[in-house]
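# Chain and residue survey
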Amino acid sequence: HDCYGTTLRFYVYDIPELTRGTLHCHVGQWGVEVLYPHFILEGSCQTTDPNAADFFIIPYYTWCDKIINARSRLDGELE
């Protein structure tokens, strides 16, 4: 897609440790956290050159992180 004709450019950081668990978190209320960076990455407004960027996106999926960390407790129960 052409990002609706905008000339703005976005640099999306690739930080795998902040984006774990996206498969089960891309739907519902918190799904926009996951979908927005993917939308940018699929369009012409994404740049791989940080010097050409107008905005920077650090994908961090708060809800996914909360669920993953809560389930990682020793007792297996959610907090």
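For the structure, see preceding data.
As the structure is a prediction and not an experimental result, all values here were calculated from the model. (Residues numbered from 1 in each chain as written. Predicted model: local features only at pLDDT ≥ 70, side-chain atom pairs only at ≥ 80, totals over all residues. Heavy atoms only, no water.)

Right, let's get into helix H1 (residues 32-42). Residues of H1 that are buried include every one of Val 34, Pro 37 and Ile 40, and no others. End-on, the buried residues of H1 take up no more than an arc of 140°, which puts them together on one face. With respect to the buried face of H1, the exposed residues turned more than 90 degrees away are Val 32 and Glu 42. As for H1, its buried residues are in contact with strand E1 (10-12) and strand E2 (55-57). (Buried < 20%, exposed > 50% of the residue type's maximum accessible area, 1.4 Å probe, protein only. Helix = DSSP H or I, 4+ residues; strand = E, 2+ residues; numbered from the N terminus. Arc of directions from axis to C-beta. Contact = heavy atoms within 4.5 Å.)

Time to look at the nonpolar core. Most often, soluble globular proteins keep nonpolar side chains buried together rather than apart. Counting residues in hydrophobic clusters, the biggest one holds six residues: Cys 3, Phe 10, Val 12, Ile 40, Cys 45 and Ile 57. Once you skip the residues sitting within four places of it in the chain, Ile 40 turns out to touch Phe 10, Val 12, Cys 45, Gln 46 and Ile 57. (Core = buried A, V, L, I, M, F, W, Y, C linked by side-chain atoms within 4.5 Å.)

Before going further, it helps to examine a nonpolar patch on the surface. Side chains of Tyr 13, Phe 56 and Ile 58 sit close together on the surface and give an oily, nonpolar patch of about 300 Å² of accessible area. With respect to the helices and strands, Phe 56 occurs in strand E2. Its relative accessible area of 45% is what places Phe 56 among the partly exposed residues. (Patch = residues over 30% accessible without salt bridge, like charges linked within 9 Å, V, L, I, M, F, W, Y side chains within 5 Å. Areas by Shrake-Rupley, 256 points an atom, 1.4 Å probe, with all protein chains shown as cover. Salt bridge = Lys/Arg side-chain N within 4 Å of Asp/Glu carboxyl O.)

The description of two aromatic rings rests on the distance between their centres and on the angle between their planes. Inspection of every chain in the model, using the stated rule, returns five aromatic pairs. Relative to Phe 39, the ring of Tyr 4 lies with its centre 6.4 Å away and its plane at 25°, an arrangement referred to as stacked. In this pair, Tyr 4 sits in the segment before E1 while Phe 39 sits in helix H1, placing the two residues 35 residues apart along the sequence. Using a relative accessible area of 75% as the deciding quantity, one classes Tyr 4 as exposed. According to the relative accessible area criterion, Phe 39 is partly exposed, its value standing at 34%. Consider the rings of Phe 10 and Phe 55, whose centres lie 5.6 Å apart with planes at 25°: the pair is stacked. (Phe/Tyr/Trp six-rings, centres within 6.5 Å; stacked < 30°, edge-to-face > 60°.)

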